[in-house]
Amino acid sequence: MHKHAHQPRLTRVVLVLVALAAAVLYLARPPPIEKVRALSYAPDQIRESRLKTANASATLPVRAAFVILARNSELHALRTTVRQLEDQFNVRHNYPYVFLNNEPFTDEFKHAMEWATSGDCHFGLVPYEHWSVPSWVDNVRAKWAAATMDEYVPYGGSSSYRKIAVLFRFQSGFFFRHELLDHFDYYWRVEPGVEFTCTIHGDPFRFMVENDKSYAFTITLREFPATVRSLWATTSAFRAAYPDYVVPNNTLRWLTADNGDYNMCHFWSNFEIASLAFLRSEQYMAYFDFLDRAGGFFYERWGDAPVHSLAVAMLLNKSQVHYFDDIGYYHRPFQNCPTDPDFNSQYCFCNANRSMLHHPDSCTRAWLDL
């Protein structure tokens with residue numbers, strides 16, 4: 001009797017010791033990467049907004065921003081692009097800019113962008129979990145994919161394969177989750193080195209809102225088949241799993257070949273104006289998560305352009321998608337150049353005969369024929 005009376009007390013002591021040991025291990029664990037960053041970087045290296053006094057009392061018609069993913073080394077190419085965008089459009093509207101980077105922006109970069117723009121400037125560091133390889137990806141398989149990718153495919157078989165895969169995954173499913181975009185409803189994607197070759201009349205953001213548009217493009221083309229071998233099959237599996245997400249007046253026929261496979265058409269997403277509500281929607285997030293778990297960003301180098309295009313074709317009605325044929329845009333080696341001769345001669349400096357619209361790999365005419 002006396003012997004058994006001590007057993008509950010002994011059990012409690014053991015439990016306390018186990019709990020203390022667990023607490024010690026918990027406190028000694030490596031801190032999350034974002035906590036390490038917070039200790040390593042100054043607050044203005046993680047996020048900083050540089051607001052212009054002239055814009056303090058202004059109210060924009062649309063809660064919208066230009067979103068630019070850039071490296072510090074791309075400053076001079078980006079400065080040329082931004083100055084052109086300002087001259088052709090934004091100097092009359094003063095929309096803000098959101099600059100994102102997986103490394104802290106330098107003061108030189110921030111000062112240059114602040115001086116080049118009419119809108120407020122927001123600079124943000126991309127969270128580590130948005131710019132990394134997820135735990136479920138088989139690294140051996142991913143390395144094999146990089147090593148065997150056709151050398152004639154852009155970024156194929158090169159040391160940059162992993163970086164490109166991370167980039168495409170970020171552009172497909174994470175850029176719109178950055179906290180700097182929380183207060184915006186629409187975005188206009190801009191990349192360093194692109195050119196805006198015509199005066200932009202009106203306000204594309206306002207056009208999108210007033211006409212119930214959720215996605216807009218300027219250029220279409222075809223993807224390299226080697227980079228999307230299983231994307232169509234994975235998308236078909238998603239459609240089978242979530243049939244209610246596919247809208248009735250969808251445009252999947254634009255992407256479907258005669259044999260039922262993917263015809264490789266896509267919107268070239270380095271230019272896109274779109275609703276952030278669309279990307280944040282339950283439907284789009286379910287689609288991205290489905291693709292992400294399949295690992296194709298790392299096993300095949302799925303790009304954000306076909307991913308966005310398949311999502312748009314599947315989840316939006318055709319009436320919600322717009323082709324900005326009057327925006328002159330050049331991203332090497334392709335361009336969209338307005339073909340109306342009067343408009344072109346008055347407002348543009350591009351050659352309409354070289355517009356992607358006339359290229360055999362363009363899918364725009366097929367889109368217009370839907």
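Let's talk about the pairing of strand β3 (residues 97–101)
The side chains of a regular strand alternate, first on one face of the sheet and then on the other.
Here is step 1: With five of its five residues buried, β3 lies for the most part within the structure.
Here is step 2: In β3, alternate side chains face the same way, and those of Tyr97, Phe99 and Asn101 on one face and Val98 and Leu100 on the other are all buried.
Here is step 3: Alignment of strand β2 (residues 64–69) against β3, held across four bridges, turns out to be parallel. Note that in β3 the partner of Val67 across the bridge is Val98.
Here is step 4: Read as a crossover between parallel neighbours, the route from β2 over helix α4 (residues 75–88) to β3 is right-handed.
Here is step 5: The pairing of β3 with strand β4 (residues 121–125) spans five bridges and is parallel. Considered in β4, the bridge of Val98 is made with His122.
Here is step 6: Handedness of the crossover is the feature at issue here: the chain leaves β3, passes through helix α5 (residues 107–116), returns alongside β4, and the resulting connection is right-handed.

Observations regarding the pattern of salt bridges
Here is step 1: Applying the stated criterion across every chain, the model contains twelve salt bridges.
Here is step 2: The partner of Arg50 in a salt bridge is Glu48, with the nearest N and O atoms 3.1 Å apart.
Here is step 3: A salt bridge links Asp292 to Arg169, with the nearest nitrogen and oxygen atoms 2.8 Å apart. Of the two residues, Asp292 is situated in helix α11 (residues 282–294) and Arg169 in helix α7 (residues 161–173); the sequence distance between them amounts to 123 residues. Grouping residues by exposure puts Asp292 and Arg169 together as buried.
Here is step 4: If you follow the salt bridges from partner to partner, you end up with Glu48, Arg50, Lys110 and Glu114 in one network.

Definitions and limits used
Residues numbered from 1 in each chain as written. Predicted model: local features only at pLDDT ≥ 70, side-chain atom pairs only at ≥ 80, totals over all residues. Heavy atoms only, no water. Buried < 20%, exposed > 50% of the residue type's maximum accessible area, 1.4 Å probe, protein only. Helix = DSSP H or I, 4+ residues; strand = E, 2+ residues; numbered from the N terminus. Pairing = 2+ DSSP bridges. Right-handed = clockwise from strand over helix to strand, strands pointing away. Salt bridge = Lys/Arg side-chain N within 4 Å of Asp/Glu carboxyl O.

All quantities given are derived from atomic positions and should not be read as evidence of function.
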